[in-house]
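What follows is each chain in one-letter form.
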Protein chains: 4
Amino acid sequence: MIVTLARDADVPAVRAALAGLGLWTVLYDGPEGTRHLLVLDHSRAVDPETVHGVDGVASVSARSPRPPRVDLLPCRVEIAGIPIGHGCRPVLMAGPCSVESREQLESLAARVAASGARFLRGGAFKPRTSPYEFQGLGEQALGWLRDAADRHDLAVVTEALSEETVAAVADVADLIQIGSRNMHNSALLRAAGATGRPILLKRGMAATIEEWFGAAEYCLERGAPAIIFCERGIRGFDRETRNLLDLASVALLAHVHRVPVIVDPSHALGRRDLMPPLTRAALAAGAHGLLVEVHDAPERARSDGPQALCPAEFAALADGIASAAAPVERIR
Amino acid sequence: MIVTLARDADVPAVRAALAGLGLWTVLYDGPEGTRHLLVLDHSRAVDPETVHGVDGVASVSARSPRPPRVDLLPCRVEIAGIPIGHGCRPVLMAGPCSVESREQLESLAARVAASGARFLRGGAFKPRTSPYEFQGLGEQALGWLRDAADRHDLAVVTEALSEETVAAVADVADLIQIGSRNMHNSALLRAAGATGRPILLKRGMAATIEEWFGAAEYCLERGAPAIIFCERGIRGFDRETRNLLDLASVALLAHVHRVPVIVDPSHALGRRDLMPPLTRAALAAGAHGLLVEVHDAPERARSDGPQALCPAEFAALADGIASAAAPVERIR
Amino acid sequence: MIVTLARDADVPAVRAALAGLGLWTVLYDGPEGTRHLLVLDHSRAVDPETVHGVDGVASVSARSPRPPRVDLLPCRVEIAGIPIGHGCRPVLMAGPCSVESREQLESLAARVAASGARFLRGGAFKPRTSPYEFQGLGEQALGWLRDAADRHDLAVVTEALSEETVAAVADVADLIQIGSRNMHNSALLRAAGATGRPILLKRGMAATIEEWFGAAEYCLERGAPAIIFCERGIRGFDRETRNLLDLASVALLAHVHRVPVIVDPSHALGRRDLMPPLTRAALAAGAHGLLVEVHDAPERARSDGPQALCPAEFAALADGIASAAAPVERIR
Amino acid sequence: MIVTLARDADVPAVRAALAGLGLWTVLYDGPEGTRHLLVLDHSRAVDPETVHGVDGVASVSARSPRPPRVDLLPCRVEIAGIPIGHGCRPVLMAGPCSVESREQLESLAARVAASGARFLRGGAFKPRTSPYEFQGLGEQALGWLRDAADRHDLAVVTEALSEETVAAVADVADLIQIGSRNMHNSALLRAAGATGRPILLKRGMAATIEEWFGAAEYCLERGAPAIIFCERGIRGFDRETRNLLDLASVALLAHVHRVPVIVDPSHALGRRDLMPPLTRAALAAGAHGLLVEVHDAPERARSDGPQALCPAEFAALADGIASAAAPVERIR
């Protein structure tokens with residue numbers, strides 16, 4: 001916001017009153033007593049009308065334009081009959097990093113469903129740093145995923161990596177994942193939106209909230225019926241976790257922007273030993289669900305084995321969540 | 001860790017076994033079949049002996065030296081009779097950013113004590129970006145702090161900014177705070193350690209865990225009897241929070257390194273509206289306490305008013321914590 | 001590198017000798033006197049044999065695998081008859097952010113060619129943060145680009161945004177640009193590589209050198225005959241430039257990895273006033289060329305006008321470069 | 001800047017005109033046709049009057065307050081008779097990381113003076129990550145430094161680490177270095193300023209330009225007669241250089257803020273092989289000098305040996321600079 005002061009305003013008094021509302025301000029001086037306060041982004045979310053009511057404030061201007069379709073998103077949605085978002089029980093999405101065989105999926109689907117997962121995850125198409133690493137089994141894996149999910153009454157979430165195969169993904173997926181590496185890939189965002197499927201939109205490695213919302217607009221503008229945002233860690237400088245989990249962004253989305261948001265602790269952390277405390281923390285911050293890599297035998301995983309939980313660890317995690325999670329009230 | 005493979009080891013099999021243990025590895029090839037695996041830092045914490053037991057492993061080497069005194073820190077301490085750390089109830093430290101008057105302190109001490117705080121915080125010496133901003137009331141504020149705390153059975157935590165005044169701070173403080181801006185200030189770390197008081201050591205703005213522990217060693221080597229680490233947000237690129245709260249570092253300290261660690265959500269976030277969810281998240285991640293800015297009239301605060309809670313907000317926060325927080329079990 | 005020490009080695013002496021070679025090392029201690037030194041990545045590039053020659057060194061292991069096709073890239077290439085890389089005159093690529101009309105292109109092509117540019121740049125497909133911003137004129141713009149370039153004896157570099165249109169881009173482009181936002185988009189990297197055209201590969205916003213090389217491997221593995229790397233700034237925390245120009249990465253690519261690399265100062269800086277000193281700095285660091293946004297009337301530009309140079313500014317820049325730039329010798 | 005638009009202004013036309021001036025703007029909409037444009041920080045530096053002259057602009061407000069004493073700094077200063085800054089020959093400051101013996105200093109002073117250095121550097125007090133690393137020889141080293149410098153007609157620059165010893169440092173130093181780790185240490189900044197000596201102020205690891213200037217104000221307000229800013233790399237995520245050299249900040253200080261600024265390539269890079277191209281780049285970006293670690297026998301250095309140049313390498317570097325460096329014209 002830009003707050004324009006009345007000519008005779010007592011600047012320190014106005015700034016104090018705004019501080020009282022939780023607003024950080026920077027003063028701009030103009031000619032003939034024109035003075036504005038720029039409200040910094042890390043201020044509490046406050047309605048312009050409230051600010052306008054402060055003594056000495058002449059007018060309040062708001063940033064324009066806003067992301068129009070994100071602004072209209074509901075705070076909860078239903079996907080394949082499963083409610084996600086504000087006031088809902090946290091949803092668990094679980095499964096292997098990569099789909100490796102029909103048998104693997106069948107066994108894992110049974111296990112994660114028994115532990116309370118509602119979505120089966122698994123990559124048919126895998127984005128990897130090097131082209132010489134395992135790239136996923138492709139379309140055949142999609143069928144296995146659907147079959148295993150159906151047998152255990154799970155919904156399917158799986159990643160689309162390419163405009164060419166996004167339709168095939170949409171055929172089986174209840175929720176199409178757009179990965180971190182493709183958050184800025186507008187062609188894929190549009191193609192995914194055009195399938196008419198809901199989108200799980202992971203945050204880019206160094207994306208601002210504004211850019212994340214811009215990516216969502218690409219999907220929504222082409223027809224995506226719903227967006228579930230997913231925080232999976234951003235690039236950090238410390239090497240003791242794989243990425244840098246940003247739970248404040250989760251709280252912002254859940255409580256201030258009031259859109260559905262989940263957390264992928266597997267990629268954010270990379271390490272199994274931090275999963276229990278940080279999945280609890282994610283839910284406490286407001287996450288509406290978790291996307292977790294689970295493998296029946298992490299030592300045989302074709303990708304990301306070190307960060308996969310085994311089914312028993314996942315069961316323990318799910319138990320802890322079920323007992324801890326009470327839906328959080330709106331904070332403003 | 002560096003894992004040296006036996007000459008006849010099946011490399012993919014060893015790497016798979018280590019992945020099964022939660023370890024990410026990079027292969028190094030040497031002459032005549034010498035092969036090593038470097039275990040990346042974002043791997044699960046696993047004992048060298050366990051790794052040594054894997055088939056095909058010839059030997060395991062660990063990084064040397066370790067931070068010797070940090071490695072010996074107990075997982076819980078008692079400061080002014082108040083237990084902090086593993087298995088203890090979360091400790092609340094609360095009070096104004098700056099000490100502004102004897103009356104302010106007296107009133108706030110009463111309020112935060114009534115809400116369950118055990119420590120009174122308040123700055124007598126304030127580190128500011130510009131020398132033309134309010135720098136604190138100095139030594140007279142220290143006396144007020146001690147008096148108000150004593151009247152309400154609170155311990156005192158306050159920041160030392162200078163070698164010259166650290167002794168005066170030590171005279172009144174039960175816990176000497178070293179701020180983010182001084183985490184790399186070895187002269188002050190030593191001087192603070194030499195007072196014999198416990199230290200609350202905030203993480204530097206861009207400090208790695210290793211550097212944070214290095215700073216603790218400076219205090220410990222000079223005689224500090226205890227260190228409470230404090231995460232207060234690191235520098236980030238997104239402007240919607242004041243800093244970037246890194247709760248994975250909190251989980252690492254609490255659950256892997258097993259040292260006392262608290263969170264300062266006020267500086268990490270800068271915004272009042274995110275405080276409730278993220279203080280819950282901090283405790284879920286493993287934080288042993290919170291350092292919170294509380295002001296009786298944030299609109300009159302001489303510094304950081306926008307991020308201060310009023311006493312009623314703090315009371316609500318404290319209530320939420322009391323009901324939610326059950327001590328977390330060790331995770332490995 | 002991992003350096004394994006002889007049993008009787010004098011550890012400080014070996015570390016000193018390696019420091020003398022420019023190597024930073026961390027010690028790892030194992031059982032029965034096994035000791036290794038891990039050489040940190042920010043060490044001088046030194047051959048393993050040289051290290052092996054140091055007294056007390058038993059063996060030296062190198063990271064495996066290396067990016068195989070990047071490792072074989074020549075240090076200079078010829079694209080449309082224009083030599084780029086080690087020992088060549090810096091190549092200038094210039095033109096508008098977006099192609100806006102046939103007339104604009106014709107006029108700009110004439111101007112930048114007269115100033116010494118060898119490539120005409122211009123976006124037919126534009127990646128934007130919001131779908132409601134101008135997205136480029138699409139395929140018709142490609143034809144105008146080719147025509148204008150041909151009339152002025154320029155080569156064409158233009159961005160491919162989508163698997164669907166990459167073939168159309170390849171039809172007119174001598175060099176296909178993959179933008180920052182798509183550096184991790186493996187489907188597009190492969191599709192671009194498969195066209196058989198050389199690729200201008202911009203670095204992702206938070207990409208490590210290793211990830212940048214991984215992206216190049218995706219193109220090379222599908223048949224790209226050449227890669228020109230392009231540094232365009234990474235995400236930073238200071239707001240006074242649009243991105244954070246990383247010239248050390250340019251020096252690394254030019255002098256240590258010895259691959260062709262250019263700099264896009266327009267996106268790195270966002271501000272016209274820093275372009276003269278930092279284009280000189282880029283070339284001094286080793287850049288083999290520059291990709292510069294030039295617009296005949298920046299105030300009418302449909303995108304990125306604030307960072308575009310007008311033709312006269314570009315002419316001055318080009319003049320300065322011609323007089324300053326003598327090819328730099330190999331540094332090791 | 002905040003640009004207030006006239007009621008009847010054509011918003012796109014004003015924004016276009018500002019883009020033409022090199023300004024990035026964000027629109028804020030208020031009640032009854034109030035509209036403002038916030039000019040983003042990464043815009044070209046343009047005078048408010050110029051902006052005010054644009055059709056449709058009602059008024060222009062500038063950020064208040066500015067760093068008052070930094071704003072008055074001259075663009076060139078003389079220290080110990082040596083001119084530094086705009087229009088001056090680049091000044092070379094060279095010497096060992098740590099002062100290790102009288103003999104070492106004597107020999108190095110002779111070598112670097114012969115190569116054209118004007119300042120002898122060398123640490124008597126060393127800031128280290130761990131207290132168990134070599135901390136410098138302290139006060140005796142200061143005398144050696146002064147003696148060696150005097151014998152070879154060099155000025156002395158050396159770091160002050162502590163309020164207690166800053167006076168001793170001031171006794172021998174022509175220029176007191178405040179290191180990266182202490183840029184936010186206001187007590188030391190004041191104490192250093194109060195000695196009346198000029199200050200070499202290194203940028204903090206994650207400091208914004210604004211914070212850097214704030215630190216300078218602390219010194220200036222207490223009486224420092226001059227500030228030489230020094231960029232030494234900020235914290236980055238890629239490990240192939242020790243820190244992330246930010247040459248755009250150097251260009252900003254040299255060409256936009258017009259204050260003396262030098263570069264420390266040794267700490268920024270950590271690696272000797274990148275020093276030649278990046279010292280040339282630093283000077284091309286506008287740096288008024290270089291602070292370089294030189295050691296007669298890097299393999300015997302007690303700190304930072306891997307990044308030290310030997311005297312012959314420094315001589316070659318200095319030669320290259322002497323031939324390349326012509327003072328750069330003002331860019332606006």
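Please refer to the structure higher up on the page.
These figures come from a predicted structure and were not determined experimentally.

Caption draft 1: The arrangement of the sheet that holds strand β3 (residues 35-39) of chain D in detail. With antiparallel pairing, the 8 strands of this closed barrel are ordered in space as β1(A)-β3(A)-β2(A)-β4(D)-β1(D)-β3(D)-β2(D)-β4(A). Ignoring strand direction, the axes of neighbouring strands in this sheet form an average angle of 30°. As paired elements, strand β2 (residues 25-29) of chain A and strand β4 (residues 57-64) of chain D share 3 bridges and run antiparallel to each other. Across the sheet, Asp29(A) pairs through a bridge with Ala62(D), a residue of β4(D).

Caption draft 2: Broad picture of the pattern of salt bridges. Residue and element names in this part refer to chain A. Scanning all chains against the criterion turns up 60 salt bridges over all chains. Between Lys202 and Asp264 there is a salt bridge, with its nearest N and O atoms 2.7 Å apart. Taken together, the residues Lys202 in strand β11 (residues 199-202) and Asp264 in the loop between β13 (261-263) and α10 (265-269) connect sequence positions 62 residues apart. Taken individually, Lys202 and Asp264 each receive the classification buried, so the pair is uniform in this respect. Through salt bridges with shared partners, one network takes in Arg146, Asp150 and Asp174.

Caption draft 3: Looking closely at the interface of chain C and chain B. Every contact between the two is made by 22 residues of chain C and, on the other side, 23 residues of chain B. Together chain C and chain B conceal approximately 2000 Å² of surface at their shared face, both sides included; 60% is due to carbon and sulfur atoms. Seen at the junction of chain C and chain B, the total is 0 salt bridges. In this structure, the connection of chain C to chain B is made through 10 residue pairs in polar contact (both at pLDDT 80 or more). With 6 residues, the single largest contributor to the side of chain C that touches chain B is strand β4 (residues 57-64) of chain C. Broken down by class, the residue content of the side of chain C that touches chain B amounts to 10 nonpolar, 8 polar and 4 charged.

Caption draft 4: Spatial organisation of the pairing of strand β7 (residues 91-95) of chain B. All names here are of chain B. Among the 5 residues in β7, 5 count as buried, and that is most of the element. Side-chain alternation along β7 places Val91, Met93 and Gly95 on one buried face and Leu92 and Ala94 on a second face that is also buried. As paired strands, β7 and strand β14 (residues 289-293) are joined by 5 bridges and run parallel to one another. In the strand pairing of β14, Met93 is matched with Leu291. Where β7 lies against strand β8 (residues 119-121), 2 bridges are found, and the strand directions are parallel. Bridge assignment links Ala94 to a residue of β8, and that residue is Leu120.

Calculation notes
- Residues numbered from 1 in each chain as written.
- Chains lettered and ligands numbered in written order.
- Predicted model: local features only at pLDDT ≥ 70, side-chain atom pairs only at ≥ 80, totals over all residues.
- Heavy atoms only, no water.
- Pairing = 2+ DSSP bridges.
- Helix = DSSP H or I, 4+ residues; strand = E, 2+ residues; numbered from the N terminus.
- Axes fitted to C-alpha atoms, helices over the stretch in contact; angles between N-to-C directions.
- Salt bridge = Lys/Arg side-chain N within 4 Å of Asp/Glu carboxyl O.
- Buried < 20%, exposed > 50% of the residue type's maximum accessible area, 1.4 Å probe, protein only.
- Contact = heavy atoms within 4.5 Å.
- Buried area = accessible area lost by both parts, 1.4 Å probe.
- Polar contact = N/O pair within 3.5 Å; in protein donor to acceptor, adjacent residues only side chain to side chain.
- Nonpolar A, V, L, I, M, F, W, Y, C, P; charged D, E, K, R; others polar.

By themselves, these observations are geometric and do not establish any function.
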